[in-house]
Amino acid sequence: MYGILGNAPSAKFIFFAMDDLNRDPDPKEVKRLLGCKTANVYKASGRYRQSFNEINQLLNMRTKGVNLHDRYHMSSEKYLTHAVRVDDTCKSNSLLALQYWGLIVSCLVLDVNSLGRLTALLESIEKFREDYFLAKGLKVHLLQSLKYTKELEFLTLDKLVPSDEDISQIFEKYGEVELAKINAEISNWFDAARWDKILEEESIAA
């Protein structure tokens, strides 16, 4: 699943969202601007699309928030079209950002642990999505059952019969805390993998 890493424990990637799908990032230009020895270009729809699809999903949710109405958290907009893998010693360079202005999505260092956390995070988000819709469906079911109960006069003591408002309040803020936590976890994942964040931590440690 993590073939994008090859035999290395980690790898540095520059993720692009090219406005012209027929145009690939130029590896020679990337090497010249960054001063690195290698720059391998991967298409997001290519051999390692599973890993890139997961990153694309997280980019989508990071930008727009978690979309509970979209099972795969995907939209017609692709946040990721290409990835360029560069040397581990490669440093970020503003010249590259200028050359590909508006086309570079993120620069990340990926390893088995970060990719595993990514998969686990997406699975937990999908589980929450299922629970969220189950709760929303339960609310509708409760309100409908309450309506029938009142019509059939099964309960004659008013204090035992909850109102529609009481039922709605139970579910009013359902999932808000979990959503805030999920969005924070998404940001934390990207922060932990960003080139500049890692360099910052290394400089502090030194």
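Because the structure is a prediction, the values reported are computed rather than measured.

Take helix α1 (residues 27-34) next. The set of residues buried in α1 consists of E29, V30, L33 and L34. Looking straight down α1, one finds that the buried residues subtend no more than 115 degrees of arc, so they occupy a single side. More than 90 degrees from the buried face of α1, the exposed residues found are K28 and R32. Looking at the buried positions of α1, the neighbouring elements they touch are β1 (10-16), β2 (39-43), β3 (82-86) and α3 (94-99). Near the N-terminus of α1, the side chain that reaches the backbone nitrogen of K28, with its oxygen 3.0 Å away, is that of D26. The first or second residue beyond α1 is G35, which carries a positive phi of 70 degrees.

The next point concerns the pattern of salt bridges. Under the definition given, this model contains 4 salt bridges. Among the salt bridges present, the one from R32 reaches E29, with a minimum N-O distance of 2.8 Å. Within this pair, R32 and its partner E29 are both found in helix α1, separated by 3 residues, close to a single helical turn. E29 gets classed as buried once you look at its relative accessible area, which sits at 16%. Residue R194 is joined to D191 by a salt bridge in which the shortest nitrogen-to-oxygen separation is 2.6 Å. Taking the relative accessible area as the measure of exposure, R194 reaches 23% and is therefore partly exposed.

Looking now at the packing of helix α2 (residues 49-64) against helix α6 (residues 176-193). For the pair α2 and α6, interaxial distance at closest approach is 10 Å and the crossing angle is 120 degrees. In this view, α2 runs oblique relative to α6, as classed from their interaxial angle. Here the hand of the crossing between α2 and α6 comes out left-handed. Within the contact between the two elements, α2 uses L58, L59, M61 and R62 and α6 uses N183, I186, W189, F190 and D191.

The rules behind these values
- Residues numbered from 1 in each chain as written.
- Predicted model: local features only at pLDDT ≥ 70, side-chain atom pairs only at ≥ 80, totals over all residues.
- Heavy atoms only, no water.
- Buried < 20%, exposed > 50% of the residue type's maximum accessible area, 1.4 Å probe, protein only.
- Helix = DSSP H or I, 4+ residues; strand = E, 2+ residues; numbered from the N terminus.
- Arc of directions from axis to C-beta.
- Contact = heavy atoms within 4.5 Å.
- Polar contact = N/O pair within 3.5 Å; in protein donor to acceptor, adjacent residues only side chain to side chain.
- Salt bridge = Lys/Arg side-chain N within 4 Å of Asp/Glu carboxyl O.
- Axes fitted to C-alpha atoms, helices over the stretch in contact; angles between N-to-C directions.
- Parallel < 35°, antiparallel > 145°, perpendicular 65-115°, else oblique.
- Left-handed = near helix turned anticlockwise from the far one by under 90°.

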